[in-house]
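# Remarks on the overall topology
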Amino acid sequence: MSGPFLAGVIAGYGVAVPVGAIAVLIAGLTARTSLRVGAAAGLGAATADGVYALVAVLGGAALAGSVAPIAMPLRWVAAAVLVLLAVHTARSALRKRTGEAATVTTTPGAAYLGVLGLTMLNPATVVYFAALVLGRGGAGGGVWFVLGAFLASASWQLLVAGGGSLVGRVLTGERGRLVTALVSSAVIAILAVGLVV
């Protein structure tokens, strides 16, 4: 149990820790809304990582081969969704600044499902987990590996959400929220372009 679980924990942190568009999205969303919404978004990302770890354990080599031909179109879809999120975030922040209509409130459920769906668009994650499973001679460790990967990813995503909450509390003024929304939007857009360049 401990060997496969530890391997899953290491794999989960390996895929979750690098700061990418999802981490920026979670931190920015938390800063602009609440810790509940950010934590739900983080758990959406962790769920996607857990699903991909499970897929890798159950048949990663076969799936990695079948995903490879559509990896680039999936990256384009993910990049387009991220750019739309960046534009929406910036536009909402600017509307609020100029006194236009209030922004739409995001619920924890919507944040969870949105980030889950967006994270599932990253086929590199299943390839990563499949490579790890294959590197262990196909002995992925089953449910313990998957559980370790999910818990590691969840703990990291919740830390990111907590950081976003702290930033949100420190920058409570109108100008601070505007700046964090615009910086978040810019970083997400840059990372989206990086997916396809």
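None of these values were measured; they are calculated from a predicted model.

Thresholds, definitions, all that
- Residues numbered from 1 in each chain as written.
- Predicted model: local features only at pLDDT ≥ 70, side-chain atom pairs only at ≥ 80, totals over all residues.
- Heavy atoms only, no water.
- Helix = DSSP H or I, 4+ residues; strand = E, 2+ residues; numbered from the N terminus.
- Buried < 20%, exposed > 50% of the residue type's maximum accessible area, 1.4 Å probe, protein only.
- Areas by Shrake-Rupley, 256 points an atom, 1.4 Å probe, with all protein chains shown as cover.
- pLDDT = per-residue confidence, 0-100.
- Contact = heavy atoms within 4.5 Å.
- UniProt positions renumbered as here; feature names shortened; annotations may be inferred.
- Core = buried A, V, L, I, M, F, W, Y, C linked by side-chain atoms within 4.5 Å.
- Patch = residues over 30% accessible without salt bridge, like charges linked within 9 Å, V, L, I, M, F, W, Y side chains within 5 Å.
- Salt bridge = Lys/Arg side-chain N within 4 Å of Asp/Glu carboxyl O.
- Expected span 1.5 Å × (residues − 1).
- Axes fitted to C-alpha atoms, helices over the stretch in contact; angles between N-to-C directions.
- Parallel < 35°, antiparallel > 145°, perpendicular 65-115°, else oblique.
- Left-handed = near helix turned anticlockwise from the far one by under 90°.
- Nonpolar A, V, L, I, M, F, W, Y, C, P; charged D, E, K, R; others polar.

## Quick look at the overall build of the protein chain
Of regular secondary structure, the protein chain possesses eight helices and zero strands. Across the 197 residues that make up the protein chain, the buried fraction comes to 40%. With an accessible surface of roughly 9,700 Å², the protein chain has 74% of that area assigned to carbon and sulfur atoms.

## Some words on the confidence of the model for the protein chain
Of all residues in the protein chain, 77% attain a pLDDT of 70 or more, and the chain-wide mean is 79. Summarising per-element confidence for the protein chain, the mean pLDDT is lowest in helix α6 (residues 123-135) (71) and highest in helix α5 (residues 108-120) (93). The low-confidence segment residues 100-104, where pLDDT is below 50, has three contacts with residues more than four positions distant or belonging to other chains.

## A look at the UniProt feature "transmembrane region" (unreviewed entry) in the protein chain
Cross-referencing UniProt, the feature "transmembrane region" (unreviewed entry) maps to residues 6-29, 41-64, 70-90, 110-131, 143-166 and 178-196 in the present numbering. Strand forms 0% of residues 6-29 and helix 83%; the C-alpha atoms that close the span are 31 Å apart. Along residues 143-166, the helical share is 100% and the strand share 0%, with 34 Å between the first and last C-alpha atoms.

## Examining the nonpolar core
Generally speaking, nonpolar side chains in soluble globular proteins are found buried as a group. With 22 residues, the main nonpolar core has Ile22, Ile26, Ala41, Leu82, Val115, Leu118 and Ile188 as its most contacted residues. Elements with a minimum of two residues in this core: α2 (21-32), α3 (35-67), α4 (71-98), α5, α7 (142-170) and α8 (174-196). Sorting elements by how many residues they give to this core places α2 first, with seven residues.

## Brief notes about a nonpolar patch on the surface
There is a patch of nonpolar side chains on the surface, built from Val143, Trp144, Leu147 and Leu151 and spanning about 350 Å² of accessible area. Take valine 143: it is sitting in helix α7.

## Brief notes about α2
Each full turn of the α-helix corresponds to 3.6 residues, which orients residues three or four apart in the same direction. The end-to-end C-alpha distance of α2 is 16 Å, a good match for the 16 Å that twelve residues give at a rise of 1.5 Å each. Of all twelve residues in α2, ten are buried; the element is thus mostly enclosed. Looking only at α2, the buried set comprises Ala21, Ile22, Ala23, Val24, Leu25, Ile26, Gly28, Leu29, Thr30 and Ala31.

## Examining helix α1 (residues 2-16)
Its 15 residues give α1 an end-to-end C-alpha distance of 21 Å, which sits within 8% of 21 Å, the value for a rise of 1.5 Å per residue. Of the residues making up α1, those classed as buried are Ala7, Gly8, Val9, Ala11, Gly12 and Ala16.

## Some thoughts on the side chain of threonine 119
Tracing the backbone shows threonine 119 in helix α5. Here threonine 119 falls in the buried class, since its relative accessible area comes to 8%. Once you skip the residues sitting within four places of it in the chain, threonine 119 turns out to touch Ile22, Ala45, Ala48, Asp49 and Tyr52.

## Brief notes about the environment of glycine 42
By secondary structure assignment, the location of glycine 42 is in helix α3. Separated by 70 residues in sequence, glycine 42 and tyrosine 112 place their C-alpha atoms 7.2 Å apart.

## Details of the packing of α2 against α5
Packed helices, taken two at a time, are described by their axes: the angle between them and the distance between them. One way to put it is that α2 packs onto α5 with a least axis distance of 11 Å and a crossing angle of 165°. Of the possible angle classes, the one that applies to α2 and α5 is roughly antiparallel. Handedness of the α2/α5 crossing: right-handed. Together, Ile22, Leu25, Ile26 and Leu29 of α2 and Ala111, Val115, Leu118 and Thr119 of α5 make up the contact between the two elements. A per-class count over the contact of α2 with α5 returns seven nonpolar, one polar and no charged.

## Details of the environment of alanine 11
On the secondary structure map, alanine 11 appears in helix α1. The spacing of alanine 11 and aspartate 49 is 38 residues in sequence and 9.9 Å in space, taken between C-alpha atoms. Ignoring any residue separated from it by four or fewer positions in sequence, one finds alanine 11 in contact with Tyr128, Phe129, Leu132 and Phe145.

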